[in-house]
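Below are the chains, spelled out letter by letter.
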Amino acid sequence: MKEALLILGMMIVTFGVRYPVLALVGRIELPEPVIRALRYVPPAVLTAIIVPPVLLRDGQIALTLDNAYLIGALVAIGVAWRTRNLLWTILLGMGVFLVWRVLTGGL
Amino acid sequence: MTETYTRKSEFLAGAQATIPLIVGAIPFGIIFGTVAVTGGLSPAATIGMSAFVFAGSAQFIASGLYAAAVANPLIILTTFIVNLRHALYSASLAPYMKHLPQRWLLPLGFSLTDETYAVVIQRYTQPDSSPYKHWFHFGSALPMYLNWQLCTLIGIIAGQSINEEQARNLGLDFAMVVTFIGIVVPLIRTHPVLLSVTAAGLCALIFNGLPNQMGLMVAALAGIVAGYVAETQLVLNHQDANIVEETLES
């Protein structure tokens, strides 16, 4: 019973975060500044999610050559910048990451 | 050249675009299933969490708190805070989805996660006039959802047979990173976006220690504010933001 209540509560707050904003924001005319600000949501949020795993190891900044996440990310950034092609970015980034990790035997 | 968009083509495109993220979610789904049941959550509650909450990081945190015998209200509050950034996703998508009936908004709203948001915002912001973009969204969300349920089940069944270290050895945690890079980098066309990304990245590092993914929220807000302010500055100086794009790319 305790578990069922927990899941119900989690479901309500999660749905309550995702759905009402989606339903209401569409029906209200948003002021122009808000619309302009919302354009920065994708780059800001996605960057915020991926920067820590790439640059941090155990809470410390790891700007070292044996950080395969860093090397893989740098390659991915380069490929994405030149090609704007998601598939190549993923393939080359993952490839370099895996190979680098094997070569350095590390992170 | 005109493209014909159909519900099916959009659905398949959405699914295809989400494949790397689905693959990346596999170890986390399995590990969640494992960690939740070994922490004391019943298999029914574990799959229930994946089915009715469908939020990876919140689920991990919740199962950890549950194992530590934390009271339900506190776990629920934590879930709310951890998932707050999803409100940003909803607000960002709403303008593109406002014409949709409730029977679309409810499931698409329910299933909104970091990964689906990253994929579908790109589609919605493309300038073509396909009337079936929500099918793309559905094509992204449905496989993601089903995969999560399946992986949770595997995790529950498999018990301890895969641990976090083994998942990391397969490099699957890097799949999400590289996919998001592929999405963000092409967006960096103007100085305001570059500033936004820099601010978000710096703050994500600085506030990484904050509990409940608050650091993520702070970093996202910092990035949004930085981008907005920079763009406003450009406009005030009577400069066209697109002129900056050409400067940046030369």
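Position numbers for residues count from 1 along each chain, tracking the sequence in the order it is written. Chain letters start at A and ligand numbers start at 1, both assigned in the order the entries are written. Per-residue local features are limited, in this predicted model, to residues with pLDDT of at least 70; the limit for side-chain atom pairs, both in listing and counting, is 80 or more; totals at the level of whole chains, interfaces and linings are taken over all residues.

(A) A look at the overall build of chain B. Helix and strand counts for chain B stand at 13 helices and 0 strands. Long-range pairs, those at least 24 residues apart, make up 78% of the contacts in chain B with a sequence separation of at least 6. Starting at the N terminus, helices and strands are each numbered in turn, a helix being any DSSP run of H or I of at least four residues and a strand any DSSP run of E of at least two. The contact criterion used here is simple: two residues whose C-beta atoms, placed from the backbone, lie within 7 Å are in contact.

(B) Structural view of the overall build of chain A. Per the secondary structure count, chain A includes 5 helices and 2 strands. Seen in sequence order, chain A has helices and strands lined up from the N terminus as α-α-α-β-β-α-α. The proportion of buried residues among the 107 residues of chain A is 46%. The contacts in chain A between residues at least 6 apart in sequence include a share of 45% that link residues at least 24 apart. Exposure classification rests on a simple neighbour count of other C-beta atoms within 10 Å of a residue's own: a residue reaching 20 or more is buried, one at 12 or fewer is exposed, and one in between is partly exposed. C-beta atoms are placed from the backbone.

(C) Region of interest: the interface of chain A and chain B. Each side of the interface is counted separately: chain A has 56 residues, and chain B has 70 residues. Put simply, the parts of the chain that give the side of chain A that touches chain B at least two residues each are helix H1 (2–27), helix H2 (32–38), helix H3 (41–55), helix H4 (68–83) and helix H5 (86–104) of chain A. The dominant element in the side of chain A that touches chain B, judged by the number of residues it contributes, is H1 of chain A, at 20 residues. Its residues assigned to classes, the side of chain A that touches chain B comprises 42 nonpolar, 7 polar and 7 charged. Under the grouping applied here, Gly and all other residues not named as nonpolar or charged are polar, the nonpolar ones being Ala, Val, Leu, Ile, Met, Phe, Trp, Tyr, Cys and Pro and the charged ones Asp, Glu, Lys and Arg.

(D) Spatial organisation of the confidence of the model for chain B. Across chain B, the average pLDDT comes to 85, with 88% of residues at or above 70. The pLDDT value tells you how sure the predictor is about a given residue, anywhere from 0 up to 100. For chain B, per-element mean pLDDT is lowest for helix H13 (residues 241–249) of chain B, which scores 51, and highest for helix H11 (residues 191–206) of chain B, which scores 95.

(E) Spatial organisation of the packing of helix H5 (residues 85–97) of chain B against helix H7 (residues 114–125) of chain B. Residue and element names in this part refer to chain B. Throughout, an axis means a line fitted to C-alpha atoms (over the contacting stretch in the case of helices), and angles, computed between N-to-C directions, take values from 0 to 180 degrees. In the contact formed by H5 and H7, the axes pass within 10 Å of each other and the chain directions differ by 30°. As judged from the angle between their axes, H5 and H7 are roughly parallel. Viewed along their axes, H5 and H7 form a crossing whose handedness is left-handed. Along the contact surface, H5 presents Tyr89, Ser92, Leu93 and Tyr96, while H7 presents Tyr117, Val120, Ile121 and Tyr124. Of the residues contributing to the contact of H5 with H7, the split by class is 7 nonpolar, 1 polar and no charged. In these notes the angle categories are as follows: under 35 degrees is roughly parallel, over 145 is roughly antiparallel, 65 to 115 is roughly perpendicular, and the rest is oblique. Helix crossings are classified by the rotation of the near helix relative to the far one: an anticlockwise turn of less than a right angle makes the crossing left-handed, while a clockwise turn makes it right-handed.

(F) Region of interest: the environment of Val45 of chain A. Tracing the sequence through the fold places Val45 of chain A in helix H3. Residue classification places Val45 of chain A among the buried positions, given that 30 C-beta atoms sit within 10 Å. With near-sequence residues (within four places) excluded, Val45 of chain A lies in contact with Arg85, Leu88 and Ala220 of chain B.

(G) Main features of the confidence of the model for chain A. The predicted model of chain A averages 87 in pLDDT, with 93% of residues at 70 or higher. When pLDDT is averaged over each helix and strand of chain A, the minimum, 83, is found for H2 of chain A and the maximum, 95, for H4 of chain A.

(H) Focus on the nonpolar core. Counting 113 residues, the largest nonpolar core has Met10 and Ala48 of chain A together with Val177, Phe180, Ile181, Ala200 and Ala220 of chain B as the members making the most contacts within it. If one sorts the elements of this core by residue count, helix H1 (residues 7–38) of chain B sits on top with 13 residues. If sequence neighbours within four positions are ignored, Ile181 of chain B has contacts with Ile50, Ala73, Ala76, Ile77, Ala80, Thr89 and Gly93 of chain A. To define a nonpolar core, we join buried Ala, Val, Leu, Ile, Met, Phe, Trp, Tyr and Cys residues through C-beta atoms within 7 Å and take the resulting set.

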